Structure formats: structure tokens, C-alpha cells
Number of protein chains: 2
Amino acid sequence: MMALCACAVTTAAPVPPPLAPPLVPYVLENTEVRDIRAAALHRDYQLFVALPDSYATSGRRYPVVFITDANYAFPVARSIASRLHKHAGLEEVIVVGLSYANGESGNYSRRRDYTPTVSRNGGDRSDMPGRQQAFGEAAAYGRFIATEVFPLIARQYRADMDRKIFVGHSYGSLLGLQILLTRPDTFDHYILGSPSLWYDRGVMFDREKAYAAGHRDMPASIFFGIGSRETLAPGKTRSRAEERFDMVADLRDFHGALAAHRYPGLTSTVKVFADEDHASVFPLVLTHGLRSYLKRKQ
Amino acid sequence: MMALCACAVTTAAPVPPPLAPPLVPYVLENTEVRDIRAAALHRDYQLFVALPDSYATSGRRYPVVFITDANYAFPVARSIASRLHKHAGLEEVIVVGLSYANGESGNYSRRRDYTPTVSRNGGDRSDMPGRQQAFGEAAAYGRFIATEVFPLIARQYRADMDRKIFVGHSYGSLLGLQILLTRPDTFDHYILGSPSLWYDRGVMFDREKAYAAGHRDMPASIFFGIGSRETLAPGKTRSRAEERFDMVADLRDFHGALAAHRYPGLTSTVKVFADEDHASVFPLVLTHGLRSYLKRKQ
């Protein structure tokens, strides 16, 4: 036995090192991806669902956050909501990310689904070869959320569908305003960051007036947030027709117009975050927007 | 044939609907998870690596961000860095998340690996059944990063190892200070959020003095950030011995002590973020800390 061992050690071919296991990508814990066919839109989307830590054991229902531009925003929102729960005592939530349409670029999908109109100023060129860029389908996309996404979430999860929160940024906030000014009770709280109110020569200002002409109330809770640097470049004067706009001034004007109607059912605040710009402000808007609505633990 | 068909349609058992595909979790694109054995620590960890969009085609090297508490911070950092590139023109980076030790709770792992000492005030109880909580191994964990993590990253990726960025928050910033006050040139930029300077009756203040006694320079770039609400509860007076501390005042004191030495190689700034607290400030610290170091595209 000894001799055999020694022989094996000295003369056998070297044993190859064990194969390294293949690399896997990073997976977000407690998340699920669901396919959803938008029947009226004839397109396929995905829902990214993040469940709170206590979900499996609590039996409770949770407020549910629907978030646009989810490829960027879903991982951020899930981490922020979890930290606000653990370290600041806010309620846990379910986060539902709304994907771009399957097979489409993010730009292509969001320009079509989040904008309320085809802009009179024209719009960006398509970044998908062979497909002309579409715009102005926010109304239809909003109906998809309300009539197809909501029932799926209500059926599959212990979501408190009386406490639905909308989160958008930039064009995503245009979609939020489209829903707000059509059926404000679609969501129970709207978190709207840096809305693109300059879009189509300020068309959402017209929509706001039209809503006011037809309604005496707007049952909604809104948190608007924007970075203080989202203003006009120095030396420029505002001109929506020429797309020289000051997003902070636009937001103050819009909020002022909403507030002037004194809708009894409307709660609305604006927060301007010092030193932040369009690229950096989203995590702040989300944090403060959630704080303005979610309850603290007892 | 016709008869057979008709018969089958009317009398066969109903065809079961196709099985729904199993749900998959949400995967972060362009990420890889690598196992790493910490040889000196006799423990296993993981590295979560996020590659920038241009990585596959550019052939370039990228600055590399090493981030603690990665289970929370990695998904956030990856999204923020990507957005700062796309919308604010900052350089792209590789993000490397430093996991907790395999099989350990986050609390257990970070208390041991991120704290510089065993606190004279005692420390939190272990949340792992049957295992007493360990503290004070930041020096050893820092050596693991420098001698085992760095070579792996340098070998596997086009990382510019002359542009390494450390990111920590809370206890994670204690680890950063431990490294800074031992081998400041370990990283080229330190982003340190809300450091737990109260830890062990302010031991990092003593370490700072000891470094100053032995050195004439500190070659380092540091961005400190903290929330304005991370102060003492009203009516309390500061007493580190009794763990009544004001983290904002502590940070200003610490930064003042560093600055007083006028180290020629040190660049250090403090930013206090209005209205933010320990639970909410991290995305801001990261955003401004990256901006203070990364270059803008031409």
C-alpha cells in the first residue's frame, strides 16, 4: 500500500485543478419577475416585485409602491424602502417595478408610454433601428396599469390595494400627472420627481386647467420633488415654445395652480433639494416622498 | 377521421392549461458574483462586481469603487453610478461590493469586520445562535481587502488600480478610517458617510492623534458626508463614555483635527445634508462623494 501510494504521487499525470464554478449574476433577494401581456396594447412587459422581509411569515397586507423606469429605479427603491423600515421605523412595502416593453430600448419604450401627447415641438429620434419613435400613449399605458397590472398584483400578493403609491421621475412623472388629471383616485399617493412640465409646450398646464373646469375636487396626496439645479442656464429666458425652460419654476407654477383651486381632498407639497440636479435627485425624492405617506411603527 | 376528431373534442378530459413558467428573481445586468476565500481570516466572502455598460467593447480600464455593507449598498451604488454617467457625464466605474462573511448575519459580520477595537463600553449581543459576537477585527479585514481582494480584481478585470475608491457608511466608515489611519495610500479616494466616531469612547480620535505623532503627511482624498439630523436628542449633553453623542459635532471635530495638521497631501471635505438622517443620507453621500472625485467627460 505504501509503495503504491508513493508511485502514484510521483508518476501519475498531475490532477487538473477543480473547474471554477461558472460566475452567476447578482440576484436581488425576495424578488420575483412576472411576465405580463398588455392585452389592449398588444405588447409584453414584466413586473419586478420585491417583497418585504416579513412577508413570508406575517400574513399581513402591505402598501404597494408602483415604480416607473424600473430598470434603474427598482433596485434603488427596494434598498431605500428596506433601509427606511429598518433604521427609521417606516412601514414595510411591496415594490412593483414597471419594466420597459420587452424587446424595446428604455428610451423608445418610455417616450411612447410616459408622454401624454405627440409634442408640437417634435421629439427625439428613435434609437431602435427600423422603428419610428412613437409618443403620446400615456393614457393607454395608464389604463394598462389600472386594468391589467393592478388585478395581477391583487391576485398574487397580499397587497393593500387601498394604499397604492405611484413613483415617477422626469417623463415618469408626466405619466403620473396624466393619471392624476384623468382618474386621481387610481393611486392613493403620488411621488413625482422633476416632472417634464416643459413637454409639448407645457401641455400639462392645459390639462390641469381642463381638470379644474370639470371638477370641484381632486382626491389625491402628492409629493413633488426636484433638484435646485434643474433651472435655466444663466443668461437664458424661459420660452416653452423654444424649449428653454426652468424646471423648478415650472414645478412651482404648476403646484401653485393646483393649490389655487383649494380642492378639499388634495394634499400636495413641493420640496426643492439644494445642490441636486436631474441626475442625482431621485433617491431623495423617493425617500422624502415615502416618508410623507408611510406610517411609523408604534 | 372526422368522427374521431369530433369524439375527442366532446368527450376527452379537458386539456390542462400550460404550466406557468417558474418565477425567477430579479437579476442585476452586467454583474458577476465571485467567491473569495479570506486565507488569513479563515472565512469565505463574496465579491459582487458591476461592470459599466461600455466595458465589453471599450478595452479601457476603469476607476473601481469598493463598497461595504454591499447587501444594501451594491444595488444602490450601481444604479447611482450608472445614472451619474448617463445624465451628468461622470466617468464610468467598476463597482465591487464587499459581502458579509458567508453564513453569517449582516450584523454579526459587520460588527466584527468593520470595528477597530473591542469597545470599552461593551457591544451589542450576537444575533447568531450559539456564537458570541466578535468585535475589533477591522485591521485584519482591511489587510484582506488590500492583499487578497485587490489582486483578484486586478487579475480579473480592467480596473485602474491607481484609482481605487472606498465607500463606507456608519461602521463601514470606521473601517475606512482604520485603513486611512494605517495605510492612507490603500485607496485613492475615501467616501465616508456618517462615521460612528462615538465607537469605543471615541477611539478613532486617539488613532488620529497617534497617526499625527508619527507622520508629516497623509496622502489621501476624503469626502465626509452626514445628515443634519444625526445629532443629539434635544435636552441631552454629549458624553462619549455614556454613549450620548452628536454625530455631526463629532464629525466636525474629527475633520477639524485632521485639517489642523495641514498635511500637504490631504484633501478633505465635509458636507452636512439638510433634513437627512442616518437612515436616509447614504445615497446623497455616495452621489456627492463620487462627484468630488470622478472626472467629467470632455
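Residues numbered from 1 in each chain as written. Chains lettered and ligands numbered in written order. Predicted model: local features only at pLDDT ≥ 70, side-chain atom pairs only at ≥ 80, totals over all residues. Heavy atoms only, no water.

Participant: Got a minute to help me understand the environment of L284 of chain A in this structure?
Facilitator: Position of L284 of chain A among the secondary structure elements: in helix α9 (residues 282-291). The sequence separation of L284 of chain A and G225 of chain A amounts to 59 residues, and the corresponding C-alpha distance is 8.1 Å. Not counting residues up to four positions away in its chain, the partners in contact with L284 of chain A are F273 and E276 of chain A together with E276 and L284 of chain B. (Helix = DSSP H or I, 4+ residues; strand = E, 2+ residues; numbered from the N terminus. Contact = heavy atoms within 4.5 Å.)

Participant: Please clarify how the nonpolar core should be interpreted in this entry.
Facilitator: Across soluble globular proteins, you tend to see nonpolar side chains buried next to one another. In terms of nonpolar packing, the biggest core is built from 68 residues, with L290 of chain A together with L290 of chain B touching the most fellow members. Each residue touching L290 of chain A, except ones within four places of it in the same chain, is listed here: V65, A81, L84, L90, I165 and I191 of chain A. (Core = buried A, V, L, I, M, F, W, Y, C linked by side-chain atoms within 4.5 Å. Buried < 20%, exposed > 50% of the residue type's maximum accessible area, 1.4 Å probe, protein only.)

Participant: What is the right way to look at the sheet that holds strand β4 (residues 94-98) of chain A in this model?
Facilitator: Across a sheet, strands are paired by hydrogen bonds formed along the backbone, either parallel or antiparallel in direction. Residues and elements named next belong to chain A. Read across the open sheet, the 8 strands follow the order β1-β2-β4-β3-β5-β6-β7-β8; overall the sheet is mixed. Lying at the two open borders of the sheet, with one neighbouring strand each, are β1 (31-38) and β8 (266-273). The mean angle between the axes of side-by-side strands here comes to 20°, regardless of whether they run parallel or antiparallel. Alignment of strand β3 (residues 62-67) against β4, held across 4 bridges, turns out to be parallel. The partner of F66 across the bridge, within β4, is V96. (Pairing = 2+ DSSP bridges. Axes fitted to C-alpha atoms, helices over the stretch in contact; angles between N-to-C directions.)

Participant: I would appreciate a short explanation of the packing of helix α5 (residues 138-156) of chain B against helix α6 (residues 171-180) of chain B in the present structure.
Facilitator: Think of two packed helices as two axes; the pair is described by the angle between the axes and how far apart they sit. Residue and element names in this part refer to chain B. Axis separation between α5 and α6 bottoms out at 9 Å; the angle between their running directions is 75°. Here α5 lies roughly perpendicular to α6, going by the angle between them. Residue-level inspection shows A138, A139, Y141, G142 and I145 of α5 in contact with α6, the latter providing L175, Q178 and I179. Its residues assigned to classes, the contact of α5 with α6 shows 6 nonpolar, 2 polar and no charged. (Parallel < 35°, antiparallel > 145°, perpendicular 65-115°, else oblique. Nonpolar A, V, L, I, M, F, W, Y, C, P; charged D, E, K, R; others polar.)

Participant: What is the right way to read the relation of the copies chain B and chain A from this model?
Facilitator: Between the two copies of the chain lies a rotation about an axis combined with a shift along it. Expressed as a screw operation, the relation of chain B to chain A combines 0.0 Å of axial shift with a rotation of 180°, fitting to an RMSD of 0.1 Å. Taken together, these values place the two copies in the relation of a two-fold axis. Interface residue correspondence from chain B to chain A reaches 100%, placing this contact among same-surface, isologous pairings. (Least-squares fit on C-alpha atoms with pLDDT ≥ 70 in both.)

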